[in-house]
Amino acid sequence: MNLCTQQYKFCLVQLTMSLNSSTLLNEENSQGPKRNPECLESLELQTPSSFQDNPLQQLQLASQEVLEKAKKSGRSKCPRCSSSRMFYCYTCFVPVETVPTKEIPTVKLPLKIDIIKHPNETDGKSTAVHAKLLAPDDVTIYKYPCIPEYEEKRHEIALIFPGPDSVSVKDIAFHLQKYTKKSVCDNNDDCSGEPCLKQAKIEPKEEKNLNECISSNRSEGTRLKKIIFIDSTWNQTNKIITDERLQGLLQIELKTRKTCFWRHQKGKPDTYLSTIEAIYYFLVDYHQEILKENYKGQYDNLLFFFSFMYTLIKNAKCCAGKE
């Protein structure tokens, strides 16, 4: 092992201890010196040109200066539980004292998101908390087996999970039609509580209103309102995905994206994304395929923390590769 590789090992340990109590890379050993000033100094001298292969560099992100300052000042207290954390508390879902909430971007999502977290998933390793921090009004995290009942709302809910019956984002509306209620005018105020199809005689003008009513209800019936994500290692997902409360839900698979996660699980395809990546890429596809709008970076800040940590790890690897 050459000197630079040793520095990389030592440096990565320091980054690990700073970000959270968990290991950022599975293969790294948590033993070794607590600090390697030379390596840390070399990391801060890295130039943007060193990361031209960074697939996240085109994101339109808010300034990450607040994270840079927090990294330099070290761990800080969680304002709620007083635990020592870096950047944010992954149990209380709030930034630490050195990261003012007003300096963290907020993202408004077009639908609600439920994240079901496996009880054995290590809090410090999960990227699900990023979504709750950055889109607090639209994201709810549940710890399995405490999850909602989705039976009555399955016509407006989908689950992100790969499988033989999974569909693409662009086919969501088509496949949700089978979950719509038999009466197309149920719960529609314009129909005055009476099913439109029960009218005995329909004049030409009334027929036009009827068709608009039916069309409106079909559109409403196939509108996605909530997405469910499972937060766990791929080997732990079976316990959750087979839960009876999730059976019968439309499943969606993101097949064209590749993960940038630094803790990629061996033996799994690179299309298996981390939780925050899956949320981000789904919303980008949903914005373009379902909302039919041009994407202009509206959800990029969901990767605010993820991209910063990715760069830290990339820096460490570049340090190890230096001759």
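Residues numbered from 1 in each chain as written. Predicted model: local features only at pLDDT ≥ 70, side-chain atom pairs only at ≥ 80, totals over all residues. Heavy atoms only, no water.

**Structural notes on the overall build of the protein chain**
What counts is decided by this rule: A helix here means a DSSP run of H or I that spans at least four residues, while a strand means a run of E at least two residues long, and both kinds are numbered starting from the N terminus. Only protein chains enter the accessibility calculation, which uses a 1.4 Å probe. A residue is then buried if its area is under 20% of the maximum for its type, exposed if over 50%, and partly exposed in between. The criterion used for residue contact is that any of the two residues' heavy atoms lie within 4.5 Å. For accessible areas, the Shrake-Rupley method is used with a probe of radius 1.4 Å. Any residue's cover is judged against the shown protein chains and nothing else.
What the protein chain contains, in helices and strands, is nine helices and nine strands. Going through the 323 residues of the protein chain one by one, you find that 47% of them count as buried. Pairs at least 24 apart in sequence give 74% of the contacts found in the protein chain among residues at least 6 apart. Of the roughly 17,500 Å² that the protein chain leaves accessible, carbon and sulfur atoms contribute 46%.

**Structural notes on the nonpolar core**
Heads up, the condition is: Buried residues of nine kinds, namely Ala, Val, Leu, Ile, Met, Phe, Trp, Tyr and Cys, make up a nonpolar core once their side-chain atoms join them within 4.5 Å.
Counting 59 residues, the largest nonpolar core has Phe 282 and Leu 302 as its most contacted members. Ranked by residue count, the leading element in this core is helix 8 (residues 275-289), at nine residues. Once residues within four sequence positions are removed from consideration, Leu 302 is found in contact with Val 107, Leu 109, His 130, Leu 134, Ala 135, Ile 276, Ile 279, Tyr 280 and Leu 283. Counting residues in each nonpolar core, the second largest holds 14 residues, with Ile 240, Ile 241, Leu 246 and Leu 249 among its members.

**What about helix 8?**
In an α-helix, one turn spans 3.6 residues; hence positions three or four apart end up facing the same way. Heads up, the rule is: In this scheme, a helix's expected span is set at 1.5 Å multiplied by one less than its residue total.
Taking 1.5 Å per residue, 15 residues should reach 21 Å; helix 8 reaches 21 Å between its end C-alpha atoms and fits that length. Within helix 8, 13 of the 15 residues are buried, which leaves it mostly tucked inside the rest of the structure.

**Some words on the environment of Asp 285**
For Asp 285, the location among the structural elements is in helix 8. Not counting chain neighbours up to four residues away, the residues in contact with Asp 285 comprise Val 169, Leu 254, Arg 257 and Ile 290.

**Description of the side chain of Glu 156**
Take Glu 156: it is sitting in the loop between strand 6 (139-143) and strand 7 (157-160). Given a relative accessible area of 12%, Glu 156 falls into the buried group. Look past the residues within four positions of Glu 156 in its chain and what remains in contact with it is Arg 223, Leu 224, Lys 225 and Lys 226.

**Some details on helix 3 (residues 65-73)**
How we decide: The arc in question is traced by the directions running from the helix axis to the C-beta atoms.
Along helix 3, the residues that are buried comprise Val 66, Leu 67 and Ala 70. Considered in projection along helix 3, the buried side chains sweep an arc of 95° and stay on one side of the axis. Of the exposed residues in helix 3, those oriented more than 90 degrees away from the buried face are Lys 69 and Lys 72. Gly 74 lies just past helix 3 and shows a positive phi near 90°.

**Description of the pattern of salt bridges**
This is how the line gets drawn: Any carboxyl oxygen of Asp or Glu within 4 Å of a side-chain nitrogen of Lys or Arg constitutes a salt bridge here.
All chains considered together, the criterion is met by nine salt bridges. Of the charged contacts in the structure, one is a salt bridge between Arg 154 and Glu 151, with a shortest N-O distance of 2.6 Å. One salt bridge connects Arg 245 with Asp 243, and the closest N-O pair in it is separated by 2.9 Å. A single burial state applies to Arg 245 and to Asp 243, both of which are buried. If you follow the salt bridges from partner to partner, you end up with Lys 108, Lys 112 and Asp 138 in one network.

**Considerations on unusual backbone geometry**
Residues other than glycine predominantly adopt negative phi, and peptide bonds predominantly adopt the trans conformation. In this chain, Tyr 144 is followed by Pro 145 through a cis amide linkage whose omega measures 15°. Even without glycine at this site, Ser 82 takes up a positive phi of about 65°. Mapped onto the elements of the fold, Ser 82 is located in the loop between strand 1 (76-77) and strand 2 (84-85). Residue Phe 93 is not a glycine yet carries a positive backbone phi of 60°. Assignment of secondary structure puts Phe 93 in the loop between strand 3 (88-89) and strand 4 (94-95). On the basis of relative accessible area, Phe 93 is assigned to the partly exposed category, the value being 27%.

**A few points about the state of the cysteines**
We apply this condition: Whenever a pair of cysteine sulfur atoms sits within 2.5 Å, that pair is classed as a disulfide.
Considering all chains together, one arrives at zero disulfides under this definition. Left unpaired, Cys 81 is separated from the closest cysteine sulfur, that of Cys 78, by 3.6 Å. Of all cysteine sulfurs, the one in Cys 81 lies closest to Cys 92, which takes part in no disulfide; the gap is 3.7 Å. Residue Cys 92 is classed as buried on the basis of its relative accessible area of 17%.

**Concerning the sheet that holds strand 5 (residues 112-117)**
Basically, it comes down to this: Pairing between two strands requires that DSSP report at least two bridges joining them. With axes taken as lines fitted to C-alpha atoms, and helix axes fitted only over the stretch in contact, angles between N-to-C directions fall between 0 and 180 degrees.
In space, the five strands of this open sheet follow the order 6-5-8-7-9, with parallel pairing throughout. Since the sheet does not close on itself, it has two edges, and those belong to strand 6 and strand 9 (250-252), each with one partner. Across the sheet, the mean angle separating the axes of adjacent strands is 25° when strand polarity is ignored. Direction of pairing for strand 7 relative to strand 8 (residues 226-231): parallel, over a ladder of four bridges. In the strand pairing of strand 8, Ala 158 is matched with Ile 227.

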